[in-house]
Amino acid sequence: MMKRFAGVALVFALIGAAGCWLAAPSFAAAAKPAAFKLTPAILAEPPVKVVAQAPKGSLHDPYAGNAKVAKEGHQLFFHYGCNGCHGGGGGGGMCPPLINGVWIYGGSDDTLFRLISLGSTKMQAAGYQREALENVIGPMPQMGLLIHHSSDVFKIITWIRSAYQGSPDHKYH
Ligand code: HEC
């Protein structure tokens, strides 16, 4: 009798342990992204490096709403040749518009930063899927390879926000 009870207890203990083990990763995934501090040193790093170390959802534009930075961001948009595909005003050309209320992978600062840094192929390899389809003719190249400082990506995002013309409900998602 004791022996049988011990056996049952052991089975329950094992199920319990397995349950914890299985539950642990999903708890971690559900947890809020850890605060990730954009220090001046990190802003000076290449965007590809920052994407690799920042938890998903933790990147927020430190220049948001700054009109002077937005102007600089627009110059950088031309400097890096984004205008060739997205049009000088971001309204699209042969590639999707950046200033309407439709975001292909989502419209958060974090998602835009990653897409600009990684390009479509690596973005999808990182688990992101197209939620919307605009006039997509091909993948977005990995522009992050040409951009030396993460601050430049944020400045471009600052400009994209300032040029936005879609519904206020969809400015960030
Ligand atoms: C060779 C053409 C090309 C260049 C150059 C290019 N992009 Fe893109 N971009 C694309 C394509 C194509 C997509 C759609 C990606 C997809 O569907 O996977 C896109 C998507 C985007 C999106 C998301 C748009 C949305 O509606 O969700 C942003 C933001 C963006 N690009 C910013 C930039 C920035 C900033 C630069 C310059 C640093 C740049 N792109 C350079 C082709 C380009």
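Residues numbered from 1 in each chain as written. Predicted model: local features only at pLDDT ≥ 70, side-chain atom pairs only at ≥ 80, totals over all residues.

A word on the overall build of the protein. From N to C terminus, the protein includes seven helices and zero strands. Tracing the protein from N to C terminus, the helices and strands come up as α-α-α-α-α-α-α. Expressed as a percentage of the 173 residues in the protein, the buried residues total 26%. Look at the contacts in the protein between residues 6 or more apart in sequence, and 74% of them connect residues 24 or more apart. (Helix = DSSP H or I, 4+ residues; strand = E, 2+ residues; numbered from the N terminus. Buried ≥ 20, exposed ≤ 12 C-beta atoms within 10 Å, placed from the backbone. Contact = placed C-beta atoms within 7 Å.)

Interhelical geometry of helix 6 (residues 109-125) versus helix 7 (residues 150-163) gives an angle of 120 degrees and a closest axis separation of 10 Å. In terms of axis orientation, helix 6 runs oblique to helix 7. Where helix 6 crosses over helix 7, the handedness of that crossing is right-handed. Contacts from Asp109, Leu112, Phe113, Ile116 and Ser117 of helix 6 reach helix 7 at Val153, Ile156 and Ile157. Class assignment of the residues belonging to the contact of helix 6 with helix 7 gives a composition of six nonpolar, one polar and one charged. (Axes fitted to C-alpha atoms, helices over the stretch in contact; angles between N-to-C directions. Parallel < 35°, antiparallel > 145°, perpendicular 65-115°, else oblique. Left-handed = near helix turned anticlockwise from the far one by under 90°. Nonpolar A, V, L, I, M, F, W, Y, C, P; charged D, E, K, R; others polar.)

Near the ligand, the surroundings consist of 25 residues, among which Cys82, Cys85, Ile104, Ser120 and Met140 are the closest. At the level of elements, helix 5 (83-86) and helix 6 are the ones that each hand at least two residues to the shell around the ligand. Here the shell around the ligand takes four residues from helix 6, the largest share from any one element. Across the shell around the ligand, the residue classes break down as 18 nonpolar, five polar and two charged. (Near = placed C-beta within 6 Å.)

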